[in-house]
Amino acid sequence: MVEVTATPRSSLADRPVQVQVRGLAPSQLVTLRASLTDEQGECFQARAFFRADKAGEVDPGRHAALGGSYAGVWPMGLFWFLQPDTLFRRLVKRDVAGSPFVVRLEVFDGLRLVTGPQDQPLASCEAERWYVGPSMQRVPIREGRVRGALFLPP
């Protein structure tokens, strides 16, 4: 049975996440895709093609991506290379304290440049990317024409 994991499942956005796929056939070609929908409803995706090792595993931190959104060994490549489905959109988190970005990680059999609703992943999981740590206090700043927010640790 194929399994994809993200460790830790919930973390701050500037912390590394280890993505691993297990249960593949040795030397199997797969597409690993990351996707998220921002607060405006815009979809962002990144994909990378991998060949499983002799144990039937893929680890972007140890195995080089053969192509897709990037090539080479990039442990966080699926997160760093997220691109919008609509041109000229930017990935911006507006509500930094209230909710995380939820990144869906999916593994597909073979090399998939485009995936449609009929394409079922072999496995999937989700990773939460928070921008503010727990118990962080947000203080609005309004001084003259200056507007902002001060984040104070607990």
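Definitions and limits used
Throughout this description, residue numbers start from 1 for each chain and increase along the sequence as written. Given that this is a predicted model, residues contribute local features only at a pLDDT of at least 70 and side-chain atom pairs are listed and counted only at 80 or more, while totals for whole chains, interfaces and linings are drawn from all residues. Side-chain descriptors were evaluated using all non-hydrogen atoms of the structure, hydrogens and water having been removed beforehand. The pocket and cavity definitions rest on a 1 Å grid over protein atoms only: a 1.4 Å probe that fits but cannot leave marks a cavity, an open set with protein on both sides within 12 Å along at least five of seven lines marks a pocket, and residues lining either have an atom within 4 Å of a point. Grid points are joined across faces, edges and corners, and a volume is the space filled by probe spheres set on the points. By definition, any uninterrupted DSSP run of H or I lasting at least four residues is a helix, any uninterrupted run of E lasting at least two residues is a strand, and each is numbered from the N terminus. The residue classification treats Ala, Val, Leu, Ile, Met, Phe, Trp, Tyr, Cys and Pro as nonpolar and Asp, Glu, Lys and Arg as charged. All others, Gly included, are polar. Contacts are assigned to residue pairs with any non-hydrogen atoms lying within 4.5 Å of each other. Burial classification: accessible surface area is computed with a 1.4 Å probe over protein chains only, and a residue below 20% of its type maximum counts as buried, one above 50% as exposed, and the rest as partly exposed. Each reported salt bridge corresponds to a side-chain nitrogen of Lys or Arg within 4 Å of a carboxyl oxygen of Asp or Glu.

(A) Inspection of the layout of surface pockets at higher detail. Within this model, the largest pocket holds a volume of roughly 170 Å³. What lines the largest pocket is Ala13, Asp14, Leu36, Met76, Phe79, Trp80, Leu82, Leu91, Phe101, Val103, Arg129 and Tyr131. Counting residues per element, the ones that place at least two in the lining of the largest pocket are α1 (77–80) and β8 (101–109). A breakdown of the residues in the lining of the largest pocket according to their chemical character gives ten nonpolar, no polar and two charged.

(B) Main features of the environment of alanine 123. Structurally, the position occupied by alanine 123 is in strand β9 (residues 123–130). Setting aside residues up to four positions removed in sequence, alanine 123 forms contacts with Val2, Glu3, Val4, Leu105, Glu106 and Val107.

(C) Geometry of unusual backbone geometry. Between threonine 7 and the following residue, proline 8, the backbone shows a cis peptide bond with an omega angle of -5°. Within the chain, serine 27 stands out as a residue other than glycine whose phi angle is a positive 65°. Mapped onto the elements of the fold, serine 27 is located in the loop between β3 (18–22) and β4 (29–37). Given a relative accessible area of 43%, serine 27 falls into the partly exposed group.

(D) Geometry of the pattern of salt bridges. Applying the stated criterion to the full structure yields nine salt bridges. Between glutamate 106 and arginine 33 there is a salt bridge whose closest N-O contact spans 2.3 Å. Residue glutamate 106 is located in strand β8, and its partner arginine 33 is located in strand β4; the two are separated by 73 residues in the primary sequence. We note that glutamate 106, like arginine 33, is buried. When the shortest N-O distance is used, the salt bridge between arginine 112 and aspartate 119 registers 3.0 Å. We classify aspartate 119 as buried; its relative accessible area is 19%.

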